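Structural features, examined
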Amino acid sequence: MANMFSTKGMYALRAMADLAVHDGWISLGDVSERQHISRKYLEQVISLMHKAGYVESLRGKGGGYRLTRKPEEYTLGEILRATEGNLAPASCLNCTNETLCPQMGSCTTVNIWRDLGKMTSSFLDSKTLADIAWHEGNIQAH
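These notes cover the structure that comes with them. Note that the coordinates shown come from a computational prediction; the quantities given were computed from them, not determined experimentally.

Some thoughts on unusual backbone geometry
Excluding glycine, residues mostly carry a negative phi; peptide bonds, for their part, are mostly trans. Positive phi values are uncommon outside glycine, yet His 36 reaches one of about 55°. Within the secondary structure layout, His 36 lies in the loop between helix H2 (28-35) and helix H3 (39-51). We classify His 36 as exposed; its relative accessible area is 70%.

Below is the structure:
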């Protein structure tokens, strides 16, 4: 079975949690080292977070990245949507009309996938970055 989320989405959550528990401007090198994510891949992930307006950057000595909001103001769902596009558990839910998916009207499983997608979105939208940052902070403290 395929994974529901890519490494890009999972790494985005880890990187955002890392930024949440460290004050000030944080270098990608530091996040990369702490999270064991390659710098090159982390740059792609942070670029998506920057494009979504979730982080801001400062160039030069003492620069880096930081969150634009408080950790409790980000849902995990919105962070994952910025990397994954959407949270649909099955590709057929991305179809917008029956010409793209002629089985949509008669498919016996589409309602299960739709309900799973709603439950997944609801769960991830009920959790905030603060929920996982707290855990990240405890790990860093030990």
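After presenting the structure, the write-up continues.
Observations concerning helix H4 (residues 76-84)
Listed in full, the buried residues belonging to H4 are Leu 76, Gly 77, Glu 78, Ile 79, Leu 80 and Thr 83. Of the residues flanking the end of H4, it is Gly 85, one or two places downstream, whose phi is positive at about 95°.

Concerning the packing of helix H1 (residues 7-21) against H4
Relative orientation and spacing of two packed helices are given, respectively, by the angle between their axes and the distance between those axes. Contact geometry for H1 and H4: axes closest at 8 Å, N-to-C directions at 135°. Put simply, H1 runs oblique to H4. At the point where H1 passes H4, the crossing takes the right-handed sense. Residue-level contacts link Lys 8, Gly 9, Met 10, Ala 12, Leu 13 and Met 16 of H1 to Leu 76, Ile 79, Leu 80, Thr 83 and Glu 84 of H4.

Considerations on the nonpolar core
Ranked by internal contacts, the top residues of the largest apolar core, which has 25 residues, are Met 16 and Ile 79. Those elements that provide at least two residues to this core are H1, H2, H3 and H4. With six residues, H1 is the largest single contributor of residues to this core. For Ile 79, the contacting residues outside a window of four places in its chain are Ala 12, Leu 13, Met 16, Met 49, Tyr 54, Tyr 74 and Leu 129.

Reading the values: rules and limits
- Residues numbered from 1 in each chain as written.
- Predicted model: local features only at pLDDT ≥ 70, side-chain atom pairs only at ≥ 80, totals over all residues.
- Heavy atoms only, no water.
- Helix = DSSP H or I, 4+ residues; strand = E, 2+ residues; numbered from the N terminus.
- Buried < 20%, exposed > 50% of the residue type's maximum accessible area, 1.4 Å probe, protein only.
- Axes fitted to C-alpha atoms, helices over the stretch in contact; angles between N-to-C directions.
- Parallel < 35°, antiparallel > 145°, perpendicular 65-115°, else oblique.
- Left-handed = near helix turned anticlockwise from the far one by under 90°.
- Contact = heavy atoms within 4.5 Å.
- Core = buried A, V, L, I, M, F, W, Y, C linked by side-chain atoms within 4.5 Å.

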